Amino acid sequence: QQQVKQSPQSLIVQKGGISIINCAYENTAFDYFPWYQQFPGKGPALLIAIRPDVSEKKEGRFTISFNKSAKQFSLHIMDSQPGDSATYFCAASGSTSGTYKYIFGTGTRLKVLA
Amino acid sequence: NAGVTQTPKFRILKIGQSMTLQCTQDMNHNYMYWYRQDPGMGLKLIYYSVGAGITDKGEVPNGYNVSRSTTEDFPLRLELAAPSQTSVYFCASSYSLDRGHGYTFGSGTRLTVV
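Residues numbered from 1 in each chain as written. Chains lettered and ligands numbered in written order. Predicted model: local features only at pLDDT ≥ 70, side-chain atom pairs only at ≥ 80, totals over all residues. Heavy atoms only, no water.

Undergrad: Would you explain the side chain of Ser80 of chain A in this entry?
TA: Residue and element names in this part refer to chain A. Along the chain, Ser80 falls in the loop between strand S8 (72–77) and strand S9 (86–92). There is a polar contact of 3.2 Å between the side chain of Ser80 and the backbone oxygen of Ile77. With residues up to four places along the chain from it excluded, the contact list for Ser80 reads Val13, Gln14, Lys15, Gly16, Gly17, Ile18, Ser19, Arg61 and Val112. (Helix = DSSP H or I, 4+ residues; strand = E, 2+ residues; numbered from the N terminus. Polar contact = N/O pair within 3.5 Å; in protein donor to acceptor, adjacent residues only side chain to side chain. Contact = heavy atoms within 4.5 Å.)

Rendered as structure tokens:
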């Protein structure tokens, strides 16, 4: 119940294309869903996050879509650029239930071809 | 604005040796975490702390110890290093787990045990 399942493990997209990464969870106590971006040799950095009271959140070319009934959420990267090539992690947390830590997905390595 | 600082950046240990990975943050965050990142395996929580003097085990605590004597510092101790502890270790801190704060990660320590 504490797992967050992420897919695909790797993704190759042409420049200008749409990158889509999916995550699924089981614990209904989770109420905060961030995405992290990690470049090689660096620590992950917060990219965008969503709470389950909205179905979509957009920041620039990055959009989170959230489906509460299906317990799924996804990251869409529009007009993907070579500079977006990185590893992306989804995560979930349930701060209102007293947990103080994120559960991370296994990561998706994205490569955007020029 | 240093954020989360980890030292050393790289280390090679021999089997059976011990070492301490240092982590310090200057953001006055209460929550601090240690993760290890193995290739293709995502981020696994080792230990975490919700404040000075309070620590708790994560998913993979065996072979590690932590202490939290101050708000700023959260060192990770490896006793009797084993090849299975070869990994990249990330320290993170947070003010809150939601409302856009998220985690701030350090740049990592790459540890090889030979």
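Undergrad: Whenever I open this one, unusual backbone geometry confuses me. Can you help?
TA: Phi is mostly negative for residues that are not glycine, and the peptide bonds are mostly trans. For the bond running from Ser7 of chain A to Pro8 of chain A, omega is -5 degrees, close enough to zero to count as cis. Between Thr7 of chain B and the following residue, Pro8 of chain B, the backbone shows a cis peptide bond with an omega angle of -5 degrees. Within the fold, Pro8 of chain B resides in the loop between strand S1 (4–7) and strand S2 (10–13). Even without a glycine there, the phi angle at Asn28 of chain B is positive, about 60 degrees.

Undergrad: Even after reading the chapter, I still don't get the pairing of S1 of chain B, so can you show me in this structure?
TA: The two faces of the sheet receive side chains in turn, since in a regular strand these alternate between them. All names here are of chain B. Burial along S1 is one-sided: Val4 and Gln6 are buried, and none of Thr5 and Thr7, which face the opposite way, are. In terms of strand pairing, S1 meets strand S3 (residues 19–25) through four bridges, oriented antiparallel. Across the sheet, residue Thr5 finds its bridge partner in S3, namely Thr24. (Buried < 20%, exposed > 50% of the residue type's maximum accessible area, 1.4 Å probe, protein only. Pairing = 2+ DSSP bridges.)

Undergrad: How do you make sense of the pattern of salt bridges when you look at a structure like this?
TA: Where charged atoms from two side chains of opposite charge come close, those side chains can pair. Per the stated rule, a full pass over the model turns up five salt bridges over all chains. For Arg77 of chain B, the salt bridge is made with Glu79 of chain B, and the minimal N-O distance between the two is 3.1 Å. (Salt bridge = Lys/Arg side-chain N within 4 Å of Asp/Glu carboxyl O.)

Undergrad: Just to check I follow, could you spell out the packing of aromatic side chains for this structure?
TA: Within a pair of aromatic rings, the relevant descriptors are the distance that separates the centres and the angle that separates the planes. Across all of its chains, the model carries 27 aromatic pairs over all chains by this definition. Ring geometry for Tyr25 of chain A versus Phe73 of chain A: centroids 6.2 Å apart, planes at 55 degrees, classification tilted. On the criterion of sequence distance, the pair formed by Tyr25 of chain A in strand S3 (residues 19–25) and Phe73 of chain A in strand S8 is long-range, its members being 48 residues apart. By relative accessible area, which is 7% here, Tyr25 of chain A ends up buried. Overall, Phe73 of chain A belongs to the buried group, its relative accessible area being 2%. Among the aromatic side chains, those forming a connected cluster through ring pairs are Tyr32, Tyr36, Phe89, Tyr102 and Phe104 of chain A together with Tyr33, Tyr35, Tyr48, Phe90, Tyr103 and Phe105 of chain B. (Phe/Tyr/Trp six-rings, centres within 6.5 Å; stacked < 30°, edge-to-face > 60°.)

Undergrad: Got a minute to help me understand the confidence of the model for chain A in this structure?
TA: The predicted coordinates ought not to be read in detail in places where the model reports low pLDDT. A residue-level look at chain A finds 94% of positions with pLDDT of 70 or above and a mean pLDDT of 91. For chain A, strand S10 (residues 103–104) of chain A is the element with the lowest average pLDDT, namely 88, and S8 of chain A is the one with the highest, namely 98. (pLDDT = per-residue confidence, 0-100.)

Undergrad: Help me out: how do you make sense of the sheet that holds strand S6 (residues 56–59) of chain A in this one?
TA: Either a parallel or an antiparallel arrangement is found when strands of a sheet pair, and the pairing is made through backbone hydrogen bonds. Residue and element names in this part refer to chain A. If you walk across this open sheet you meet the five strands as S1-S3-S8-S7-S6, and the pairing is antiparallel. Pairing within the sheet leaves two strands with one partner each, and these edge strands are strand S1 (4–7) and S6. Strand-to-strand, the axes of this sheet are offset by a mean angle of 15 degrees, without reference to chain direction. Pairing of S1 with S3 involves four bridges; the strand directions are antiparallel. Directly across from Lys5, in S3, lies its bridge partner Ala24. (Axes fitted to C-alpha atoms, helices over the stretch in contact; angles between N-to-C directions.)

Undergrad: Looking at this model, I keep getting lost on the state of the cysteines. Mind explaining?
TA: What makes a disulfide is a covalent bond joining the sulfur atoms belonging to two cysteines. Under the criterion given, the structure shown has two disulfides over all chains. The residue that forms a disulfide with Cys23 of chain A is Cys90 of chain A, at a sulfur-sulfur distance of 1.9 Å. Handedness here is read from the sign of the S-S torsion; for Cys23 of chain A and Cys90 of chain A, about -95 degrees, the answer is left-handed. Residue Cys23 of chain A is found in strand S3, and its partner Cys90 of chain A is found in strand S9; the two are separated by 67 residues along the sequence. Residue classification places Cys90 of chain A among the buried positions, given a relative accessible area of 0%. The disulfide partner of Cys23 of chain B is Cys91 of chain B, and the gap between their sulfur atoms is 1.9 Å. Between Cys23 of chain B and Cys91 of chain B, the disulfide has an S-S torsion of -70 degrees and is therefore left-handed. With Cys23 of chain B in strand S3 and Cys91 of chain B in strand S9 (residues 87–94), this residue pair connects regions lying 68 residues apart in the sequence. Taking the relative accessible area as the measure of exposure, Cys91 of chain B reaches 0% and is therefore buried. (Disulfide = S-S within 2.5 Å.)

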